[in-house]
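Structural features, examined
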Amino acid sequence: MAEVKFTTSNDKKAPEGRKYGKYVLIGIIALFLIIVLFNSFSIVNEGYIGVKYRFGKIVQDNLTAGLNIHIPFIEEINQVDTREQVYAISTDAYTSDTQSVKPIELKLNYCYDSTKLSDIIRNIGISNVETKLLVPNVQKIAKDAIGKVKAEQLVQSRADVTAEIQNTLTEILSKDGIIVTAFAIENLYFDSAFEEAIQAKVIAEQDALKMENKTKEKQEEAKQVLIAAEADAESKRIAAKAEADAIELIQKQLATSPNYIDYLKIDRWDGKLPQVVGDGVNPFVALNGSTVSVKEDNE
């Protein structure tokens, strides 16, 4: 007797359902592997270092720039900017003569000491550097330095006060691994009355300097006139002395050589005969090249 089997529609769908479920499972596993793979790498940018945390605990704090591997979902890598940082603050201060400087704008440039960066990360925290190290030190040191000088001195010698603040900050912050690269007092604001007084004083000093320069100019002109007069007098004195020496020499020559005067006459004669010669009793008068003797009549 033949056996008869009956197949229902549910029996036909079961193998197909298992087949689709297998594909879904494979897809889920593949997706999970892709997620795990992508979460196993982190990129540290140039100018930064990587800090690796495992369940919130630092396990490495010197990862270099580039691609770094970590355990996904267990470890994570955060970046720390090691380039120069800028911290700016606006505060107020008082000078030694109780002038209010409000506000005063300060700017600090700094970077981390690579040999102490690990201690900063672990003990202070990069995010706490400003609040724990910069805010209290910059304000305190700046106010102390400004409080030692008068307001006018602060205006005229800002560079000296700035240098003093920077030197003190460098010494204090270096102990905590902060390297100060620059410091500046960017703006100072005083009461309007004080600023007007300072401006008036500066104008007065400039006017006084102009008058001083003008006086010096007049003094220099007078000095040059005096020098010219002295030079002219010296020139005349030298000429007079030379003339006196010449006369003295001629006199000595005449005393020792009576014929010297005849020599001078001959040397200075222009070759023309005199028009009238004689002793006044019987003069000779030259007329048209001839000589006529004139005899005085005593009768």
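Computed from a predicted model, the values in this text were never measured in an experiment.

1. Overview of a nonpolar patch on the surface
- On the surface, a cluster of nonpolar side chains totalling about 1000 Å² of accessible area is made up of L25, I29, L31, F32, L33, I35, F55, I71, F73 and I74.
- Note on placement: I35 falls in helix α1 (residues 9-38).

2. Quick notes on the sheet that holds strand β3 (residues 57-63)
- One open sheet holds the three strands; their spatial order is β3-β2-β5, and the pairing between them is antiparallel. Because the sheet does not close on itself, it has two edges, and the strands there are β3 and β5 (75-81). Between one strand and the next, the sheet's axes are offset by a mean angle of 25 degrees, whatever the strand orientation.
- Where strand β2 (residues 48-54) and β5 come together, seven bridges link them in antiparallel fashion. The residue bridging G50 from the neighbouring strand is Q79, located in β5.

3. Points about the pattern of salt bridges
- Per the counting criterion, the structure on display carries six salt bridges.
- The partner of D61 in a salt bridge is R122, with the nearest N and O atoms 3.2 Å apart. Pair noted here: D61 is in strand β3 and R122 is in helix α2 (residues 117-124), with a separation of 61 residues, a long-range link.
- Looking at R122, the relative accessible area reads 43%, which means it is partly exposed.

4. What about unusual backbone geometry?
- Omega for the bond connecting K102 with P103 falls within 30 degrees of zero, at -5 degrees, which places this linkage in the cis form.
- Despite not being glycine, F55 shows a phi value in the positive range, around 55 degrees.
- By the secondary structure assignment, F55 is in the loop between β2 and β3.
- Judged by its relative accessible area of 67%, F55 is exposed.
- Although it is not a glycine, F73 adopts a positive phi angle of roughly 65 degrees.
- Take F73: it is sitting in the loop between β4 (66-69) and β5.

5. So, the sheet that holds strand β6 (residues 85-94)
- Pairing is antiparallel in the open sheet, where three strands are placed in the order β6-β7-β8. Edge strands, defined here as strands with exactly one partner in the open sheet, are β6 and β8 (178-188). Neighbour-to-neighbour, the strand axes of this sheet turn through a mean angle of 25 degrees, independent of strand direction.
- Relative to β8, strand β7 (residues 100-112) is paired through nine bridges, and the arrangement is antiparallel. The residue bridging K107 from the neighbouring strand is A184, located in β8.
- Those strands touched by helix α3 (residues 129-146) are β6, β7 and β8, and its axis lies near 40 degrees from that of β6.

6. Here we look at the packing of aromatic side chains
- In the structure shown here, the tally under the stated rule is one aromatic pair.
- Relative to Y112, the ring of Y110 lies with its centre 6.1 Å away and its plane at 75 degrees, an arrangement referred to as edge-to-face. The pair formed by Y110 and Y112 is uniform in burial state, with each residue classed as buried.

7. Overview of the side chain of N109
- Tracing the backbone through its elements, the reader meets N109 in strand β7.
- Residue N109 is classed as buried on the basis of its relative accessible area of 13%.
- A polar atom in the side chain of N109 sits 3.3 Å from the side chain of E84.
- Among all residues touching N109, those that are not within four sequence positions of it are E84, Q85, V86, I179, V180, T181 and A182.

8. A few points about helix α5 (residues 158-174)
- Helix length check: α5, at 17 residues, gives a terminal C-alpha distance of 24 Å against a target of 24 Å (1.5 Å per residue), a fit within 8%.
- Residues of α5 that are buried: V161, T162, I165, L169 and L173. Down the axis of α5, the smallest arc covering the buried residues is 100 degrees, so these residues share one side. For α5, the exposed residues lying more than 90 degrees away from the buried face are A159, D160, N167 and E171.

9. Here's the deal with the pairing of β2
- Most of β2 sits out of view: five of its seven residues are buried.
- Sheet analysis places β2 next to β3, joined by four bridges and oriented antiparallel. The partner of G50 across the bridge, within β3, is L63.
- Counting the residues between successive antiparallel strands, the hairpin from β2 to β3 contains two residues, one of them, F55, with a positive phi of roughly 55 degrees.

The rules behind the values
- The residue numbering used here restarts from 1 in each chain and proceeds along that chain's sequence as written.
- With the structure being a predicted model, the display of local features is reserved for residues of pLDDT at least 70 and the display and counting of side-chain atom pairs for 80 or more, all residues being used for whole-chain, interface and lining totals.
- Hydrogen atoms and water are omitted, and side-chain values are computed over all heavy atoms in the structure.
- Each patch is built from residues that are more than 30% exposed by relative accessible area and take part in no salt bridge. Like charges join if they lie within 9 Å; nonpolar side chains (Val, Leu, Ile, Met, Phe, Trp, Tyr) join within 5 Å.
- All accessibility values rest on the Shrake-Rupley procedure with a 1.4 Å probe; residue burial counts only the protein chains present in the view.
- Each reported salt bridge corresponds to a side-chain nitrogen of Lys or Arg within 4 Å of a carboxyl oxygen of Asp or Glu.
- For the purposes of this entry, the term helix denotes a DSSP run of H or I that reaches at least four residues, the term strand denotes a run of E that reaches at least two, and both are numbered from the N terminus.
- One requirement defines pairing of two strands: DSSP has to find at least two bridges between them.
- Axes here mean lines fitted to C-alpha atoms, for a helix over just the part in contact, with angles spanning 0 to 180 degrees between N-to-C directions.
- Only protein chains enter the calculation, and the probe is 1.4 Å; a residue is then buried if its accessible area is under 20% of its type maximum, exposed if over 50%, and partly exposed in between.
- Should any heavy atoms of two residues lie within 4.5 Å, those residues are considered in contact.
- Here a pair means two rings of Phe, Tyr or Trp (six-membered ring of Trp) with centres within 6.5 Å. Their orientation is stacked below 30 degrees between planes, edge-to-face above 60, and tilted elsewhere.
- Polar contacts, as used here, are pairs of N or O atoms within 3.5 Å; protein pairs need one atom able to donate a hydrogen and one able to accept it. Residues neighboring in sequence count only if both atoms are side-chain atoms.
- Multiplying 1.5 Å by the helix residue count minus one yields the expected span of that helix.
- Each direction from the helix axis to a C-beta atom contributes to the arc, which is the arc of those directions.

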